[in-house]
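Below, each chain spelled out in residue letters.
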Amino acid sequence: DSGVTQTPKHLITATGQRVTLRCSPRSGDLSVYWYQQSLDQGLQFLIQYYNGEERAKGNILERFSAQQFPDLHSELNLSSLELGDSALYFCASSVAGSGGRETQYFGPGTRLLVL
Amino acid sequence: AQSVTQPDIHITVSEGASLELRCNYSYGATPYLFWYVQSPGQGLQLLLKYFSGDTLVQGIKGFEAEFKRSQSSFNLRKPSVHWSDAAEYFCAVGNTGNQFYFGTGTSLTVIP
């Protein structure tokens, strides 16, 4: 158990809908990262937040957004969902915001199925 | 642009045999390199990482990796594989801009 929690574990929704994925980092970690893992794209870095502020951006679509709250939990919002958004979404956390050098601890993921 | 290549999609080894998983990266500066393991239905667990210094790094579960700048490689090795090592292995590279790039993964099957 990494100490990172993600809810829900599974999510089934329809095209065009909007969903929110939630992540609670390890106690004491200030950074949260979001990743998408799909069969055709592999594991892709989406976005990083550090202490409430966006720190780095990866291959995140404009239909997707994220935020980190004062209690450091983070939410990933996916809107206008398409079939291709079906994937496993991982959250990871690390102690600080120096990103590339830090060990990231991954949550168990949220599996999203868009029908 | 940065990228990570794991040439082997799937590898099968016998229990007790040695293992080497290949990873090649593309990055202009000195990269931050990682190996993660993912068991079925689980998140990713860090095996080891390289930032600088000794090019041979030791990780958990008896794994090691060697950074070879001349070959842009960071191959993962284990001298004797156990059945519990069956999993998906991901190589990743991080940069100073806090961005991360993962390879497509290598699936390891261990046969008795």
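About the criteria used
- Residues numbered from 1 in each chain as written.
- Chains lettered and ligands numbered in written order.
- Predicted model: local features only at pLDDT ≥ 70, side-chain atom pairs only at ≥ 80, totals over all residues.
- Heavy atoms only, no water.
- Pairing = 2+ DSSP bridges.
- Helix = DSSP H or I, 4+ residues; strand = E, 2+ residues; numbered from the N terminus.
- Axes fitted to C-alpha atoms, helices over the stretch in contact; angles between N-to-C directions.
- Core = buried A, V, L, I, M, F, W, Y, C linked by side-chain atoms within 4.5 Å.
- Buried < 20%, exposed > 50% of the residue type's maximum accessible area, 1.4 Å probe, protein only.
- Contact = heavy atoms within 4.5 Å.
- Buried area = accessible area lost by both parts, 1.4 Å probe.
- Salt bridge = Lys/Arg side-chain N within 4 Å of Asp/Glu carboxyl O.
- Nonpolar A, V, L, I, M, F, W, Y, C, P; charged D, E, K, R; others polar.

**Q** Would you mind showing me how to read the sheet that holds strand β8 (residues 74-78) of chain A here?
**A** The strands making up a sheet are joined through hydrogen bonds of the backbone, oriented either antiparallel or parallel. Residues and elements named next belong to chain A. An order of β1-β3-β8-β7 is seen for the 4 strands of this open sheet, with the pairing classed as antiparallel. The open sheet has two edge strands with one neighbour each: β1 (5-7) and β7 (64-68). Neighbouring strand axes in the sheet, compared pairwise and without regard to direction, differ in orientation by 15 degrees on average. As judged from the 3 bridges shared by β1 and strand β3 (residues 19-24), these two strands associate in the antiparallel manner. Looking at the pairing, Thr7 lines up with Arg22 of β3.

**Q** How should I be thinking about the nonpolar core in this particular structure?
**A** Side chains that are nonpolar tend, in soluble globular proteins, to be buried together. Formed by 26 residues in total, the largest nonpolar core has its most connected members in Leu19, Trp35, Leu47, Leu48, Phe74, Leu76 and Tyr89 of chain B. Looking at this core, the elements with two or more residues in it are β2 (10-14), β3 (19-21), β5 (32-38), β6 (44-50), β8 (64-68), β9 (73-78), β10 (87-94) and β12 (106-111) of chain B. When residues of this core are assigned to their parent elements, the largest contribution, 4 residues, is made by β10 of chain B. Not counting residues up to four positions away in its chain, the partners in contact with Leu76 of chain B are Leu19, Glu20, Leu21, Trp35, Leu47, Leu48, Phe63, Glu64, Ala65 and Tyr89 of chain B. Of all hydrophobic cores here, the second largest spans 20 residues; its members include Ile47, Leu76, Leu78 and Leu81 of chain A.

**Q** Teacher, can you tell me more about the interface of chain A and chain B here?
**A** Interfaces are often sized by the amount of accessible area the parts lose when they come together. In this complex, chain A contributes 22 residues to the contact, which on the side of chain B involves 18 residues. Across the chain A to chain B interface the summed buried area is about 1600 Å²; carbon plus sulfur atoms make up 55%. At the junction of chain A and chain B, the tally comes to 0 salt bridges. For the side of chain A that touches chain B, the elements supplying multiple residues, two or more each, are β4 (31-38), β5 (42-50), β6 (53-57) and β9 (87-94) of chain A. Split into classes, the residues belonging to the side of chain A that touches chain B amount to 9 nonpolar, 9 polar and 4 charged.

Fair warning: the whole summary comes from geometry, so function is off the table for now.
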